[in-house]
Amino acid sequence: VPSAVEPAAPDVGVQLFQLPWTSIAEECESALGPAGFAWVLTSPPQEHVVGEQWWVSYQPVSYQIESRLGTRAEFADMVSRCGAVGVDVIADAVINHMSGQDAPGTGWVGSAYAHQGYPGLYGPGEFHHCGLTAQDDIEDYGSREQVQNCELVNLADLDTGSPAVRQTIGAYLDDLLSLGVAGFRIDAAKHMAAEDVAAIVAALPEGTRVMSEVIRGAREPIQPEEYTAFGEVFEFSYARELGPQLESGMLYDPDLSDERALHVPASSAVVFIDNHDTERGNAPLTYRNGAEYLLANVLMLADDYGAPVVYSGYAFSDRDAGAPTNADGTVDGGTCAPHPAPDAEYADGDRTCVQRWAGIVGMLEWRAVVGDAARMPGVSENDAYGFEREGRGVVAANPNDADASVAVPTSMPDGEYCDVVANGSGSSCPEGARVRVRDGLAAFDLAPQQAAAIHLGSRV
Ligand code: LM2
Ligand code: CA
């Protein structure tokens, strides 16, 4: 393999939504480490209100690392086992708010709580009382004050401007760091002033990875760019643009300059096709779209913009439905078939196991081989589309409903290459998965909704 191009540091993550810690540990060892995933994003690990819905995870009642997803010991074991196979753990940090219950109650491991009262942690004086709306709830996303100081769906809104609150949050995050996590998704970051998040992050050890969730709203006053000074942000524009372009059969036209309109700079961006909120909301593509969803993920993994995170959850028809549980109320990790297909028929509660799809695993290998090679201008032909990462790999996609062929210019050497989307990291290459490069063109014949990719190391 020529050495003119630096191999990319592994940068691909996977969000294993509502997967218990013991299952994530096993998944790190059997799938994530071997495939080359660099990090895994977990669901929130802290104690939460009791309930069957997945979203109880987003209603903290204490900062004990005890939840339906596992115990503190299980969390610690997961972090060390994942770390041993090169997979960092990023924990989802819910720090904008506490629970959203009006009535008093008892949390998952017995912590008593009341409305804005969490004994030993926070009292009413440590919450915002925005006084701007009838119920103190956010009503107008056009108002910076409401979005940051009122309550998001009735969730008790912490006064993150207060030094005491910042310190308590900091102690929680330090506790997770002491168990070995590499960093955090900052849940609902938009609902905290960027300076509040900045102050909390500034108190963390150097090198802690921070990914702020700031859902971009074009006409809103609070923009993701405010949060890039102290870490990365999830760039919601990416999937929003890619999805509809695929739906309409008009593939993404690569913007070869470093700047993409309404996107944070590449070095600040975490990109995704969907997440646990958007798959229940307006994500244009989810696991339900089968082959086309895989195609979108392939293009994201082939791109040179941002750190991609693959999403893997469970099938559902009720947006509130939690993952299947055991008799004691803990979440059941389910199973992954050895070679799940992207168009498998899932029953409600089945894990989608996207991280194991052959095409995803093949693209992680592809991405490692292309490294930081330049993304070359794309070509579009017969409604199919493709581009080269200079001299290292070529990707092609047919988002339409008829077979299509496309010849993509490349400086890769002439020869036969194996399509790693079809063949994953498999060693022998079936005839139907071969792509020929000749005279500077890689010739792809694609079925409807098929994506394919070859790289220097996939030569047969
Ligand atoms: C997030 N990011 O900013 C999470 O990604 C998202 O999943 C969370 O919403 C939200 N922000 C708060 O952390 C989820 C879920 C909501 C759910 C909340 C709190 O999408 O439906 O709200 O978690 O558990 C539920 C009820 C809602 C109720 C609220 C408080 O759906 O009707 O509001 O609990 O009891 C009265
Ligand atoms: Ca807030």
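Residues numbered from 1 in each chain as written. Chains lettered and ligands numbered in written order. Predicted model: local features only at pLDDT ≥ 70, side-chain atom pairs only at ≥ 80, totals over all residues.

Asker: So what's going on with the sheet that holds strand β6 (residues 183-186)? Residues and values would help.
Answerer: Backbone-to-backbone hydrogen bonds pair the strands of a sheet. The strands run either parallel or antiparallel. One closed barrel holds the eight strands; their spatial order is β1-β2-β3-β6-β7-β8-β9-β10, and the pairing between them is parallel. Between one strand axis and the next, the sheet turns by 25° as a mean value, whatever way the strands run. Across four bridges, the pairing between strand β1 (residues 13-16) and strand β10 (residues 307-312) is parallel. Within β10, the position partnered with Gly13 by the bridge is Val309. (Pairing = 2+ DSSP bridges. Helix = DSSP H or I, 4+ residues; strand = E, 2+ residues; numbered from the N terminus. Axes fitted to C-alpha atoms, helices over the stretch in contact; angles between N-to-C directions.)

Asker: Break down the site of ligand 1 for me, with residues and values.
Answerer: Inspection of the region around ligand 1 gives 14 residues, with Trp55, Tyr58, Gly100, Val153 and Ala188 positioned closest. Its residues assigned to classes, the shell around ligand 1 shows seven nonpolar, four polar and three charged. (Near = placed C-beta within 6 Å. Nonpolar A, V, L, I, M, F, W, Y, C, P; charged D, E, K, R; others polar.)

Asker: So what's going on with the domain arrangement of the protein chain? Which residues, and what values?
Answerer: Structurally, the protein chain comprises domain 1 (13-370) and domain 2 (379-458). Computed over C-alpha atoms, the centres of domain 1 and domain 2 are 33 Å apart. Broken down by secondary-structure element, the contributors of at least two residues to the side of domain 1 that touches domain 2 are α7 (291-302) and α8 (358-370). Among the elements that line the side of domain 1 that touches domain 2, the one with the most residues is α8, at nine residues. (Domains from an automatic or database assignment.)

Asker: Lay out the nonpolar core with the relevant residues and their values.
Answerer: Formed by 133 residues in total, the largest nonpolar core has its most connected members in Val40, Val298, Ala396, Ala451 and Ala453. Looking at this core, the element that brings in the most residues is α7, giving nine residues. The two domains that each donate at least three residues to this core are domain 1 (13-370) and domain 2 (379-458). (Core = buried A, V, L, I, M, F, W, Y, C linked by C-beta atoms within 7 Å. Buried ≥ 20, exposed ≤ 12 C-beta atoms within 10 Å, placed from the backbone.)

Asker: So, the confidence of the model for the protein chain: which residues are in play, and what are the values?
Answerer: For the protein chain, the average pLDDT comes to 94, and 95% of its residues sit at 70 or higher. Interface confidence in the predicted complex, given as ipTM, is 0.99; pTM for the same model is 0.97. (pLDDT = per-residue confidence, 0-100.)

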